[in-house]
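Below are the chains, spelled out letter by letter.
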Amino acid sequence: MTREPFIRVPFLDLKSITEKYRDEIQNAVLEVIDSGWYLLGETVKRFEENYANYIGTKHCIGVANGLDALTLILRAYKELGVMKEGDEVIVPANTYIASILAISENGFVPVLVEPNQNTMEIDDSKIEATITERTRAIMIVHLYGKCAYTEKIKELCEKYHLKLIEDNAQAHGCRFGNRRTGSIGDVAGHSFYPGKNLGALGDGGAVTTDHDDLAEVIRKLANYGSGKKYVFEYKGCNSRLDEIQAAVLNVKLAYLDEDNEKRVSIALRYIDGIKHPQIIVPEIPQNGNHVFHIFPVRCKTRNCLQKYLQTQGIQTLIHYPIPPHKQMAYREWNKKSYLISEEIHATELSLPMSPLLTTEQTDYVIEKINKWEN
Ligand SMILES: *Cc1c(COP(=O)(O)O)cnc(C)c1O
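Described in the following lines is the structure provided in the data block. (Residues numbered from 1 in each chain as written. Predicted model: local features only at pLDDT ≥ 70, side-chain atom pairs only at ≥ 80, totals over all residues. Heavy atoms only, no water.)

## Remarks on a nonpolar patch on the surface
On the surface, L30, I33, Y38, L39, L40 and I244 cluster together into a nonpolar patch covering about 510 Å² of accessible area. The topology assignment puts L39 in the loop between α2 (22–35) and α3 (42–55). We classify L39 as partly exposed; its relative accessible area is 38%. (Patch = residues over 30% accessible without salt bridge, like charges linked within 9 Å, V, L, I, M, F, W, Y side chains within 5 Å. Areas by Shrake-Rupley, 256 points an atom, 1.4 Å probe, with all protein chains shown as cover. Salt bridge = Lys/Arg side-chain N within 4 Å of Asp/Glu carboxyl O. Helix = DSSP H or I, 4+ residues; strand = E, 2+ residues; numbered from the N terminus. Buried < 20%, exposed > 50% of the residue type's maximum accessible area, 1.4 Å probe, protein only.)

## Focus on the environment of S125
Looking at the element boundaries, S125 is found in the loop between β3 (109–113) and β4 (135–141). Between the alpha carbons of S125 and I165 there is a distance of 18 Å; along the sequence they are 40 residues apart.

## Looking at the pattern of salt bridges
A side chain of one charge can pair with a side chain of the opposite charge if their charged atoms are brought near each other. On inspection of all chains with the given rule, the structure shows 18 salt bridges. K58 is the partner of D212 in a salt bridge, and the nearest nitrogen-oxygen pair spans 2.8 Å. In this pair, D212 sits in helix α7 (residues 212–221) while K58 sits in the loop between α3 and β1 (59–63), placing the two residues 154 residues apart along the sequence. For E216, the salt bridge goes to K220, with nearest N and O atoms at 2.8 Å. Of this pair, E216 and K220 are both found in helix α7, four residues apart, which corresponds to roughly one turn of the helix. By relative accessible area, E216 is classed as partly exposed at 45%.

## So, the pairing of strand β14 (residues 348–351)
Of the two faces of β14, the one lined by E348 and S350 and the one lined by L349 and L351 are each fully buried. Where strand β13 (residues 295–299) lies against β14, four bridges are found, and the strand directions are antiparallel. Within β14, the residue paired with F295 across the bridge is L351. (Pairing = 2+ DSSP bridges.)

Read these as spatial facts, not as claims about activity.
Here's what the structure looks like:
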């Protein structure tokens, strides 16, 4: 007989997060149901306006998911004649596979750049050496919710006339100075996958940009390549955010900053409390540059730590166990080595993190970690 493992601190309790906004979500969804209008309507339009305002861009285009957002951005650059197949796009070697899939899906060549071992974000000192005549863009990923943008990246984009694309799937609400990530580069892709800081109750995504031409092409591409009913300019696809998800997102967007602040305060408590010689915690965030989608610690014997925490009822995850260049999907890269990325993938462990984590739960995790005898 197998017993359910007891869970004292869940990694992320989505059910409780939804429960917190249940009444408002229910009303918003019922309004859509009763309206009889389920796609490309007023609710999506309202969310696009709200989210563009929140991020600080002129345009927001709702799409079906985060991968589509990134794929459509690159596709639009092709349609605009800015990029062509075979061009190179620089991307961090340690990202969720979707960032890289969006590049290869369009026939571009992803050029992987190692992260900085401490920040785990793309190492801006290693970018310039990878730029060639075919490089057209840099895709930065605000991994774990931490801003990956730097002045150096901006200088490189200017010097080599590269587009700057942000993968903001994990960093809604994150800041660089007084700007939000998602408004810093030329264009950004966002995911509203349920577990993200701003999550729908299903799939959802968005593109934000200040560029009118790019926004227009992406909107058309996502709607069969059409700007006008039954007139098709591009061989487009169907990638829409639906009215029900937009209704949910409108409710949750109003609480995003508050929820992010809770994440940051839990992170600070972890950073302050975890004192174990074999565990490395993230750096203290500066000026809102981290919204802790994930709280990543690093440990050489990560698997032992994970097993031990499981026996204490503490759920953890690994983001991510296998680096993209070691995946079967990219078998052409399997013999390459990106040592820093590999080290991070081998040592990273994500502690429980959610706006609903209590002080007691956080302290329980800290206490058990500090008592760990390896
Ligand atoms: C979640 C995620 C995506 C993809 O988003 P989906 O909505 O699941 O398609 C892209 N990039 C990163 C970094 C992500 O974490």
